[in-house]
Amino acid sequence: MALGEGCPAAYAPLEELMLQRLGRECLYVPSCRLGLYVALRHWCRPGGRVLMSPVNDDVIFFVVLAAGLRPVQAPLRAEDGSIDLAAVPGSVWRGLSAVLTTNLYGNPDPAPELRSRCDQLGIPLLEDAAHAIGSTVAGQPVGTFGDASVFSLSKHTGAKTGGFLTVADPALRAGLERARDELLEPARLSAELAYGLRPYAEAGVRGLRLVGAARAALRLLGLQEREDIRMELRPGDLKRAQSAAPALAGFHSWVRVDMHDYRLRPGGLRLRRTERLLTRLDNRLADHRAGVQVLSATRWALPRPGPAQPLFRVPLLVEDRDAAIAALARRRITVGYLYDPPLDAYAGELFTDPSPAPGPAAWFARHALPVDPLRARSAIAVLTELGARPAEIPAAFATGTGTDGAGAGDAAATAWPGSRPTHSAGPHGRPDSDMDPPGRPHSRPVGGGDRGAHAGGSDTGRPAGPHSRPGDSPGQPSDTPTRAHSDTDRAVGPQGGGSD
Ligand SMILES: Cc1ncc(COP(=O)(O)O)c(C=O)c1O
C-alpha cells in the first residue's frame, strides 16, 4: 500500500457514522459518482434503460452512459423539479431497467411511490442522495428506499471528497467492495498534499480578493473545464467512448469534471478530515434547515408548511434568473448547481431518450435560482435590492399536486407541500407576497444574522468553533467564480479537485 494511503479498514469509522444515520449498510467511496457507477454496473445490464431526471448534473448523465446504459429523461414537476410520476407514460415504464432519483437540491423525489412502481415492474430503484443527506420522506431518510443509494460528502458535509454507496441487502457488501476496489487508482502523495493544502490556499486567495485573477489563470492554463453551465459534450468522442462501454476509462474526461480525484484511493489526511466534518454534520444540517426557513418565507419560494428540510440549495423561482445571478455575483455570492438546459436538450436523441413532456423541466431549469441556505440573508438582501420578480408557473404546467414523496399522511415531512399557485394567492400560492417584506425572516433570526458577503462564514451565524480550520467549514463565503458548477470547482486551485 502506498505511502499515506488509507486501507479499507480505515474507512470503517466513516461507514459506522453513516450507518448510524441511515440504519443500512454503507460502503465508503471516493466520490458519489464512483459509487453510482458501481451501483449501475451491479444492478443494470449494459444496454438497459434508466429513467432519470433531466435537471441534473451532467456528470451523472455521463456516469449512466459509462455504465453502458441509455438515459431516459423523466417528466418533471415545474414547481420543484421532482419526477412527475403521473406523467411517465406506460410505454416508458415497461422498457426500463432501473429508476434513478435525483432529490434535486435535497427536495425528495416521490420515493415511496417510485419504490412500489419499481417493485411492480421488478426493477431496482437507485437513489442519488448527493443533495439530500439530511432529507426525509414519509418520515424516512432519503436514501433508504432504494436497492442502493449514493451520497456525496462534498455537499453539506463539505469534505470536497468522498461519498457512500449504501445498500438494502447487506449480503451484497463484499461483492460491491471488490467492484469498488478494482476501480480505485492508487493514492498519490501529491494529490493528498494538494487536498491538505487546498483550504489554506483558497482562504488566502479569498482573503487577498484574487478570485478573478485565479480564474483567469485557470482559463489561460486550459484548466477550466466548463465555460458555461454544461460541459462541452463532444459528440464524436462520446460516441467513440460508448463503443467501449461499460468501461469508465473512456469516459474519464467527462466523469472527472469538477473532481479529478473521483476514483482515487483516499489517504489518511482525507479520511481524517472527512471524519471530523461528518461528526459535525448535524450542526451543519441545522444551519441548512434554519436558512431554508428564512428563504422559504420569501416571495420567491414555494410555500413549505411543516418542518423544514435541510435542503442543500433552495431553488427560488425568479423571473429573470440571469439578472439575479449577476446581482448576486456583484456581492460575491456565487450561484452554482444550475442545470440549464435539461439533459435531453443538452445531449439530444443520439444519447438519450427525451422527456415525453419537457416543458415543465425546461421552465424549472430556466427559473430556479439555487440559493445556499447558509447565505440566505445576504441573498435575500441582494434580490430585494434588485427588485427580483418571482416567476409565475405557467398554468399549462400546473400538476395540481405536490411532491407526493411524503406519502399519505406525512405532509409535515414534505419539503414542498404542493399547493398550486392561484392568482388570488400570488405567484406561488402564498398570501399576496408583495405585501410581505422579503426580509420577513428578520422577525425570525437564525443565529448571528447577516455578516455580509465577506464574513467568512454562513448567514446562519453558527460560529466556526474554536477548533475549526480552513476547509472545515462547508459554509464558506462564496467568494468564488460566478456560476461555479459544483463544490469542487468552487476551488481556485488547479482543476478544482487539486489532483491530476
Ligand atoms: C445530483 C448530484 N449527484 C451526484 C453528484 C456527484 O457527487 P460527487 O462530486 O461526490 O461525485 C453531484 C455533484 O455535484 C450532483 O450534483
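Enquirer: Pulling in residues and values, what's your account of the overall build of the protein chain?
Expert: Helices and strands together make up the secondary structure of the protein chain, namely 16 helices and 11 strands. In the protein chain, which comprises 500 residues, the proportion classed as buried is 54%. In the protein chain, the proportion of contacts linking residues at least 24 apart, taken out of those at least 6 apart, comes to 74%.

Enquirer: Give a detailed account of the pairing of strand 2 (residues 49-52), specifying residues and quantitative values.
Expert: Each regular strand displays side chains that alternate between the two surfaces of the sheet. As paired strands, strand 2 and strand 3 (residues 70-73) are joined by 4 bridges and run parallel to one another. Along strand 3, the bridge assignment pairs Met52 with Gln73. Handedness of the strand 2-helix 3 (residues 58-66)-strand 3 crossover: right-handed. Note: strand 2 against strand 4 (residues 98-101), 2 bridges, orientation parallel. Bridge pairing in strand 4 places Val50 opposite Ala98.

Enquirer: For helix 16 (residues 376-386), give the residues involved together with the corresponding values.
Expert: Buried residues of helix 16: Ala376, Arg377, Ser378, Ala379, Ile380, Val382 and Leu383, and no others. Count one or two residues on from helix 16 and you reach Gly387, which has phi positive near 75°.

Enquirer: If you had to explain the site of the ligand to someone new, which residues and values would you point to?
Expert: The environment of the ligand is formed by 17 residues, the closest being Ser31, Cys32, Arg33, Ala130 and Ser152. At the level of secondary structure, the elements contributing two or more residues to the shell around the ligand comprise helix 2 (32-43) and helix 3. Its residues assigned to classes, the shell around the ligand shows 6 nonpolar, 8 polar and 3 charged.

Enquirer: Break down the nonpolar core for me, citing the residues and quoting the values.
Expert: The biggest cluster of nonpolar side chains holds 118 residues, and the ones touching the most others in it are Val63, Val64 and Leu165. Those residues in contact with Leu165, other than ones at most four positions away along the chain, are Leu27, Val29, Gly35, Val38, Ala39, Ala148, Val150 and Leu176. If you look at the next biggest cluster of nonpolar residues, it comprises 5 residues, including Ala187, Ala191, Ala194 and Leu264.

Enquirer: Now, about the environment of Pro71: what can you tell me, with residues and values included?
Expert: Mapped onto the secondary structure, Pro71 falls in strand 3. For Pro71, a count of 26 C-beta atoms within 10 Å translates into the label buried. Pro71 sits 18 residues away from Ser53 along the chain, and the two C-alpha atoms are 9.1 Å apart. Discounting residues that sit within four places of it in the chain, Pro71 has contacts with Val50, Met52, Phe61, Val64, Leu343 and Thr352.

Enquirer: So what's going on with the sheet that holds strand 8 (residues 148-152)? Which residues, and what values?
Expert: Strand pairs in the sheet, formed through backbone hydrogen bonds, run parallel or antiparallel to each other. Read across the sheet, 7 strands follow the order 1-9-8-5-4-2-3 without closing on themselves; strand pairing throughout is mixed. Sheet topology places strand 1 (25-29) and strand 3 at the edges, where each strand pairs with a single neighbour. Between one strand axis and the next, the sheet turns through 25° on average, direction left out of account. Across 5 bridges, the pairing between strand 8 and strand 9 (residues 163-167) is antiparallel. Residue pairing in the sheet places Phe151 in a bridge with Phe164 of strand 9. Taken strand by strand, helix 2 contacts strand 1, strand 4, strand 5 (125-128), strand 8 and strand 9, and its axis lies near 165° from that of strand 8.

Enquirer: Summarise the pairing of strand 4; cite the residues concerned and give the values.
Expert: Of the two faces of strand 4, both are covered, the one formed by Ala98 and Leu100 as well as the one formed by Val99 and Thr101. One ladder, built from 3 bridges, connects strand 4 with strand 5; its direction is parallel. If you follow Leu100 over to strand 5, its bridge partner there is Leu126. After leaving strand 4, the chain enters helix 5 (residues 111-121) and then returns to the sheet as strand 5, a path that is right-handed.

Enquirer: Now, about the confidence of the model for the protein chain: what can you tell me, with residues and values included?
Expert: Residues with a pLDDT of 70 or more make up 73% of the protein chain, whose mean pLDDT is 82. Ranking the helices and strands of the protein chain by mean pLDDT puts strand 5 first, with 99, and helix 8 (residues 211-220) last, with 64. Across residues 401-457, confidence stays below pLDDT 50; counting only partners more than four residues off in sequence or on other chains, it has 137 contacts.

Enquirer: Please set out the packing of helix 13 (residues 321-330) against helix 16 residue by residue, giving values where relevant.
Expert: The geometry of a pair of packed helices is captured by two quantities: the angle between their axes and the separation between those axes. Direction vectors running N to C along helix 13 and helix 16 enclose 120°, while the axes themselves pass 9 Å from each other. The angle between helix 13 and helix 16 falls in the class oblique. The two elements helix 13 and helix 16 meet at a crossing, and its hand is right-handed. Two secondary-structure elements touch here, helix 13 through Ala323, Ala324, Ala327 and Leu328 and helix 16 through Ala379, Val382, Leu383 and Leu386. Residues that form the contact of helix 13 with helix 16 fall into these classes: 8 nonpolar, no polar and no charged.

Enquirer: A description of helix 12 (residues 281-296) should follow, citing residues and the corresponding values.
Expert: An ideal rise of 1.5 Å per residue puts 22 Å on 16 residues; helix 12 measures up with 22 Å between its terminal C-alpha atoms. Taken together, the buried residues of helix 12 touch helix 11 (268-279), strand 10 (314-317), strand 11 (368-371) and helix 16.

Enquirer: Residue-level account of the environment of Arg280, with values.
Expert: Relative to the elements of secondary structure, Arg280 occurs in the loop between helix 11 and helix 12. In this structure, the C-alpha to C-alpha distance between Arg280 and Thr157, residues 123 residues apart in sequence, is 8.1 Å.

Enquirer: Account for the packing of helix 2 against helix 6 (residues 173-183), with residues named and values stated.
Expert: Here helix 2 crosses helix 6 at 125°, and the two axes come no closer than 10 Å. It follows that helix 2 is oblique to helix 6 by the angle criterion. Our pair here, helix 2 against helix 6, has a crossing hand that is right-handed. Here Leu34, Val38, Arg41 and His42 of helix 2 lie close against helix 6, whose contacting residues are Leu176, Ala179, Arg180 and Leu183. Grouping the amino acids of the contact of helix 2 with helix 6 by side-chain chemistry returns 5 nonpolar, 1 polar and 2 charged.

Enquirer: Tell me about unusual backbone geometry, residues and numbers included.
Expert: Ala245 connects to Pro246 through a cis peptide bond whose omega is 5°. Its location among the elements puts Pro246 in the loop between helix 9 (235-243) and helix 10 (252-255). In the Ramachandran plot, Ala138 falls in the positive-phi region, its phi being about 50° despite a non-glycine side chain. Looking at Ala138, the number of C-beta atoms within 10 Å reads 20, which means it is buried. Located in the positive-phi region is Tyr337, a residue other than glycine, with phi close to 60°.

Enquirer: Just give me the short version of the environment of Ala10, but keep the residues and values in it.
Expert: Mapping Ala10 onto the fold places it in the segment before helix 1 (12-22). Distance from Ala10 to Tyr28, taken between C-alpha atoms, is 9.8 Å for residues 18 residues apart in sequence.

Cut-off values and rules
- Residues numbered from 1 in each chain as written.
- Predicted model: local features only at pLDDT ≥ 70, side-chain atom pairs only at ≥ 80, totals over all residues.
- Helix = DSSP H or I, 4+ residues; strand = E, 2+ residues; numbered from the N terminus.
- Buried ≥ 20, exposed ≤ 12 C-beta atoms within 10 Å, placed from the backbone.
- Contact = placed C-beta atoms within 7 Å.
- Pairing = 2+ DSSP bridges.
- Right-handed = clockwise from strand over helix to strand, strands pointing away.
- Near = placed C-beta within 6 Å.
- Nonpolar A, V, L, I, M, F, W, Y, C, P; charged D, E, K, R; others polar.
- Core = buried A, V, L, I, M, F, W, Y, C linked by C-beta atoms within 7 Å.
- Axes fitted to C-alpha atoms, helices over the stretch in contact; angles between N-to-C directions.
- pLDDT = per-residue confidence, 0-100.
- Parallel < 35°, antiparallel > 145°, perpendicular 65-115°, else oblique.
- Left-handed = near helix turned anticlockwise from the far one by under 90°.
- Expected span 1.5 Å × (residues − 1).

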